[in-house]
Amino acid sequence: MKCPFCSQDNTRVVDSRPADDNTAIRRRRLCDACGKRFTTYEKVETIPLVVIKKDRTREEYDRNKIQAGVMRACYKRPVPIQKIKEMIDAAETEIFNREEKEIESKVIGEIVMDGLKDLDAVAYVRFASVYREFKDVNTFMDELKKILE
């Protein structure tokens with residue numbers, strides 16, 4: 001870290017502690033060249049993820065939308081809430097591990113469907129029927145055949 005007084009880059013940390021509401025670290029630093037002290041703050045850099053929807057519009061990623069869709073798919077199914085939360089957490093981790101600034105909604109849908117397939121077959125088909133917009137019974141049957149194989 002460069003000293004704001006003499007511009008030398010040989011400084012050291014003499015004290016660290018959480019700042020504000022534990023969202024940052026406050027560091028007291030000492031410049032070895034001029035002997036002056038100064039404070040720096042360290043925060044996690046968050047990059048907003050933008051979702052590209054089917055109609056090519058863009059909106060900020062919202063976990064609640066995934067959660068609402070999964071909860072509707074699991075409605076009246078014997079799936080514990082904890083398992084649903086774990087599946088959504090795993091899907092979200094996979095989404096953010098891609099380290100992309102933009103992601104298509106169809107990619108998110110496929111990730112969620114993969115998680116639902118392991119969680120509950122009926123919930124998977126419910127989600128897929130809405131997500132893939134089945135036009136007729138044949139496309140619905142094709143999806144069912146994939147599960148049965």
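This write-up is about the structure you can find in this document. (Residues numbered from 1 in each chain as written. Predicted model: local features only at pLDDT ≥ 70, side-chain atom pairs only at ≥ 80, totals over all residues. Heavy atoms only, no water.)

### Quick notes on the overall build of the protein chain
Operational definition: Numbering of helices and strands starts at the N terminus; helices are DSSP runs of H or I of at least 4 residues and strands are runs of E of at least 2. We take the radius of gyration over the C-alpha atoms and set the globule estimate at 2.2 Å times the residue count to the 0.38 power. Each residue is assigned to one of three classes by its accessible area relative to the maximum for its type, calculated with a 1.4 Å probe on protein chains only: buried under 20%, partly exposed between the two thresholds, exposed over 50%. Throughout, a residue-residue contact means that at least one pair of heavy atoms, one from each residue, lies within 4.5 Å. Note that accessible areas follow from Shrake-Rupley with a 1.4 Å probe, and for residues the cover is restricted to the protein chains shown.
In terms of regular secondary structure, the protein chain is built from five helices and six strands. When the helices and strands of the protein chain are placed in sequence order, the string is β-β-β-β-β-α-α-β-α-α-α. In terms of overall size, the protein chain is more extended than a compact globule, its C-alpha atoms giving a radius of gyration of 24 Å where 149 residues would be expected to give roughly 15 Å. Taking the principal axes of its C-alpha atoms as reference, the protein chain extends roughly 80 × 35 × 25 Å. When the 149 residues of the protein chain are sorted by exposure, 29% land in the buried category. Of the contacts formed within the protein chain by residues at least 6 apart in sequence, a portion of 40% connects residues at least 24 apart. Of the accessible surface of the protein chain, which amounts to about 10,400 Å², a share of 50% is contributed by carbon and sulfur atoms.

### Section: helix α4 (residues 121-131)
Note the threshold: Two N or O atoms form a polar contact when they lie within 3.5 Å of each other; inside protein one atom must be a possible hydrogen donor and the other a possible acceptor, and for residues adjacent in sequence the pair counts only when both atoms belong to side chains.
For α4, the full list of buried residues reads A123, Y124, V125, F127, A128 and Y131. The inward-facing, buried residues of α4 abut α1 (63-73), α3 (105-119) and α5 (137-148). Of the residues that open α4, the one with a side-chain oxygen 3.3 Å from the backbone nitrogen of V122 is D120. Phi turns positive one or two residues past the end of α4, at E133, with a value near 50 degrees.

### A closer look at the sheet that holds strand β3 (residues 37-43)
The following threshold applies: Two strands qualify as a pair provided DSSP detects at least 2 bridges between them. Note on geometry: axes are lines fitted to C-alpha atoms, helical ones only across the stretch in contact, with angles between N-to-C directions running from 0 to 180 degrees.
The three strands are arranged β1-β2-β3 in an open sheet whose pairing can be described as antiparallel. On the outer flanks of this sheet lie β1 (11-19) and β3, each paired with one strand and no other. This sheet shows a mean twist of 25 degrees between the axes of neighbouring strands, independent of strand direction. By the bridge criterion, eight bridges tie β1 to strand β2 (residues 24-31) in an arrangement that is antiparallel. Its bridge partner being in β2, A19 is matched across the sheet by A24.

### Observations concerning the side chain of T11
Residue placement: T11 occurs in strand β1. Overall, the relative accessible area of 15% leaves T11 in the buried class. At a separation of 2.8 Å, a polar atom in the side chain of T11 contacts the main-chain carbonyl oxygen of M1. Beyond its immediate stretch of four places on either side in the chain, T11 contacts M1, C3, R29, L30, C31 and F38.

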